[in-house]
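Residues per chain, in single letters:
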Amino acid sequence: MTLATTDLLPVVQDAVAEALGIDAEEVQPDATLLGDLGAESIDLLDILFRIERVSKIKITVNDIGDLLQGGIPDEEFGDENEVVNDTGLTHLEKVLPQFDRSQLTEPLTADGVLGLFTVQNLLDLLADRAAAADAA
Amino acid sequence: MPPEILVGTDLVAVERVHRLLSEQPEVAGRVFTDRELSYCAARRSRRSEHLAGRFAAKEAVFKALGGAPAMADWTDVEVVNQASGRPSLRLHGRAASVARRRHMRHAEVTLSHAAGLAIAHVLLVCDPGPGPDTTENGGTHVPG
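Procedures and definitions
Residues numbered from 1 in each chain as written. Chains lettered and ligands numbered in written order. Predicted model: local features only at pLDDT ≥ 70, side-chain atom pairs only at ≥ 80, totals over all residues. Heavy atoms only, no water. pLDDT = per-residue confidence, 0-100. Helix = DSSP H or I, 4+ residues; strand = E, 2+ residues; numbered from the N terminus. Core = buried A, V, L, I, M, F, W, Y, C linked by side-chain atoms within 4.5 Å. Buried < 20%, exposed > 50% of the residue type's maximum accessible area, 1.4 Å probe, protein only. Contact = heavy atoms within 4.5 Å. Pairing = 2+ DSSP bridges. Axes fitted to C-alpha atoms, helices over the stretch in contact; angles between N-to-C directions. Phe/Tyr/Trp six-rings, centres within 6.5 Å; stacked < 30°, edge-to-face > 60°. Lys NZ or Arg CZ within 6 Å of the ring centre and 35° of its normal.

**Q** What exactly am I supposed to notice about the confidence of the model for chain A here?
**A** This prediction gives chain A a mean pLDDT of 90; 96% of its residues lie at or above 70. Averaged pLDDT values for the elements of chain A fall to 84 in helix α6 (residues 110-113) of chain A and rise to 95 in helix α5 (residues 86-95) of chain A.

**Q** I would appreciate a short explanation of the nonpolar core in the present structure.
**A** Most often, soluble globular proteins keep nonpolar side chains buried together rather than apart. If you look at the biggest cluster of nonpolar residues, it comprises 82 residues, and the most contacted ones within it are Leu92(A), Leu122(A) and Leu124(B). Per-element tally for this core: the top contributor is helix α4 (residues 47-65) of chain B, with ten residues. In contact with Leu124(B), other than residues within four places in its own chain, are Glu4(B), Ile5(B), Leu6(B), Ala64(B), Leu65(B), Met104(B), His106(B) and Ala107(B).

**Q** Is there a simple way to explain the sheet that holds strand β5 (residues 117-126) of chain B in this structure?
**A** Each strand in a sheet pairs with its neighbour through backbone hydrogen bonds, running either in the same direction (parallel) or in the opposite one (antiparallel). All names here are of chain B. Strand order in the open sheet formed by three strands is β1-β5-β4, with antiparallel pairing between adjacent strands. Whereas interior strands pair on both sides, the edge strands pair on one side only; in this sheet they are β1 (4-13) and β4 (104-114). Averaged over all pairs of adjacent strands, the angle between strand axes in this sheet comes to 10°, irrespective of strand direction. Taken together, the ten bridges between β4 and β5 define a ladder with antiparallel strand orientation.

**Q** Any chance you could explain the packing of aromatic side chains here in plain terms?
**A** In this description, a pair of aromatic rings is defined by centroid distance and the angle of the planes. Residues and elements named next belong to chain B. Throughout the structure, instances matching the rule amount to two aromatic pairs over all chains. Plain terms: the ring middles of Phe55 and Trp74 are 4.7 Å apart, the flat faces sit at 25° to each other, and that makes the pair stacked. Placement of Phe55 in helix α4 and of Trp74 in the loop between α4 and β2 (77-81) is noted, with a sequence separation of 19 residues between them. An identical accessibility class is assigned to Phe55 and Trp74; each is buried. Taking the centre distance of 5.7 Å and the plane angle of 80° together, the rings of Phe62 and Trp74 count as edge-to-face. Of this pair, Phe62 sits in helix α4 while Trp74 sits in the loop between α4 and β2, and the two are twelve residues apart along the sequence. For Phe62, a relative accessible area of 5% gives the class buried. Directly above the ring of Tyr39 sits Arg43, whose terminal nitrogen or CZ lies 3.6 Å from the centroid.

Structure representation (structure tokens):
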């Protein structure tokens, strides 16, 4: 059965809340995991494993990275100082509906890309993965 | 031209790592290599501290290389102890690829833990020229 993002929202909210020790109501779709919710790398690991346990949908941190970089080689995604270039920004605008490069106040670096990822982006990724599993 | 020095530091609560691995044991194999797990398991009374230190080391390397963990597997960064006990870094996969791109030729890592916290500090020396050769097993070993 294909899971809609509405089905997955409570799963994600609970996973994030338990991992971060916050209330589920704080986990809003437009909240960024790292910035707004304060998750660190270890928390992201925890969140994804909790989601996997409950939903049986496996998403790794690497999967998120693959979404964000889209298979674009590092040297084509950013410059040698890891500043995301036009190719990278175009890709991010394609995969992250909320992202608009015109709103950047400073150059976006590679280690800042993950900070753009929101709860909704995670929901969308989970739903896509669930749909792909159903189709297989 | 002088070499470029990249640094990275990470501090992690030992209890946070312990909680993660206790509640979700399957995470261990996704984050740590067999060698790292064996090393830490042999230090029973401080297993969590050693694991936390290695977790911090992986984060510190990612920070030094300028990329988020999402861009590489956690096991791409491995802490290996030399015969003297001194830790050194071994990079694989995507992390090794990024290191080559940054022309990294040497790395130092130091770990410590106290008062419930584990810290790792990494220093990478990068040449302005071509990077180091990869080892036959596909890893880039950088002696400490």
